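Structural overview for review
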Amino acid sequence: MAAKLTQAEREFFLSEHPAWRPVEGRDAVKRSFQFDDFNEAFGFMTRVALAAEKADHHPEWFNVYNKVEITLTTHDADGLSKRDVALAAFIDEAADG
Ligand code: HBI
């Protein structure tokens, strides 16, 4: 069972990853991405999917053409955990380089 982030850990995460925004009404964070086309978006999603599967930690996401929206939370913890921080860091690297 993953532990929820403390308030200090949460604030540190948000300051280090400002593109991720808290989701209203849930203990989760969300980021939107826009790519040149579907090929770029799906390539990104593929890299994230493989990392997520390896870590056994999966995003909630939505894709239309070149847009991808990702929400991260840990269902087992009913909120944000270090597993979300690790996946967000991977996702930022995959998107921003
Ligand atoms: N993905 N986001 C998220 N949160 C979880 O708690 C989670 C998951 N993927 C797999 C997973 N948990 C499994 O470890 C358990 O549901 C068995």
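Everything in this summary refers to the structure shown in the same document. (Residues numbered from 1 in each chain as written. Predicted model: local features only at pLDDT ≥ 70, side-chain atom pairs only at ≥ 80, totals over all residues. Heavy atoms only, no water.)

Some words on the side chain of His57
Selection criterion: Note on conventions: DSSP H or I runs of at least 4 residues are helices, E runs of at least 2 residues are strands, and numbering of each starts at the N terminus. The buried label applies to any residue whose accessible area, calculated with a 1.4 Å probe on protein chains only, is under 20% of its type's maximum; exposed applies above 50%, and partly exposed to all values in between. Pairs of residues are marked as contacts when any of their non-hydrogen atoms sit within 4.5 Å.
When you line up the elements, His57 lands in the loop between α2 (38-55) and β3 (60-64). Look at His57 and you get buried, because its relative accessible area is 6%. In this structure, His57 is in contact with Ala52, Thr73, Thr74, Arg83, Asp84 and Leu87, ignoring residues within four places of it in sequence.

Here's the deal with the packing of aromatic side chains
Put simply, the test is: Pairing of aromatic rings covers Phe, Tyr and Trp, the last through its six-membered ring, and needs centres within 6.5 Å; plane angles under 30 degrees mean stacked, over 60 mean edge-to-face, and all others mean tilted.
Using the criterion set out here, one finds five aromatic pairs in the structure. Seen from their ring centres, Phe33 and Phe35 are 6.3 Å apart, and the 15° between their planes marks the pair as stacked. Accessibility classification places Phe33 together with Phe35 in one group, the buried group. By the ring-pair criterion, three or more aromatic residues cluster together here, those being Trp20, Phe33, Phe35 and Phe44.

Considerations on the site of the ligand
Our working definition: One heavy atom within 4 Å of a molecule or strand makes the whole residue count as near it. Here a polar contact is taken to be a pair of N or O atoms separated by no more than 3.5 Å, where protein atoms must pair a possible hydrogen donor with a possible acceptor and residues adjacent in sequence count only if both atoms sit in side chains. Per-residue and other accessible areas follow the Shrake-Rupley method at a 1.4 Å probe size, with only the shown protein chains counted as cover for residues.
Taken together, the residues surrounding the ligand are Asp56, His57, His58, Thr73, Thr74, His75 and Asp76. Between an oxygen atom of the ligand and a side-chain N or O atom of Asp56, the distance comes to 3.0 Å. A distance of 2.8 Å is found between an oxygen atom of the ligand and a backbone nitrogen or oxygen belonging to Asp76. When isolated, the ligand has an accessible area of 390 Å², and the protein chains bury 69% of it.

Here we look at the nonpolar core
The following threshold applies: Residues grouped as a nonpolar core are buried Ala, Val, Leu, Ile, Met, Phe, Trp, Tyr and Cys residues, joined through side-chain atoms within 4.5 Å.
With 17 residues, the main nonpolar core has Trp20, Phe33, Phe44, Val68, Ile70, Leu72 and Ile91 as its most contacted residues. Of all the secondary-structure elements, those providing two or more residues to this core are β2 (29-34), α2, β4 (67-72) and α3 (82-96). Excluding anything up to four places from it in sequence, Trp20 contacts Phe13, Leu14, Val29, Lys30, Arg31, Phe33, Ile70, Leu72, Ala88, Ile91 and Asp92.

Focus: the pairing of β3
Condition: Between any two strands, pairing holds if DSSP finds at least two bridges.
With five bridges joining them, β3 and β4 adopt antiparallel strand pairing. Across the sheet, residue Glu60 finds its bridge partner in β4, namely Thr71. Counted between consecutive antiparallel strands, the loop separating β3 from β4 contains two residues, among which Tyr65 sits at a positive phi close to 50°.

Some details on unusual backbone geometry
It is generally the case that most residues other than glycine have a negative phi and that most peptide bonds are trans. Even without a glycine there, the phi angle at Asp56 is positive, about 50°. For Asp56, the location among the structural elements is in the loop between α2 and β3. Residue class for Asp56 comes out exposed when judged on its relative accessible area of 54%. A positive phi angle, close to 50°, is found at Tyr65, a residue other than glycine.

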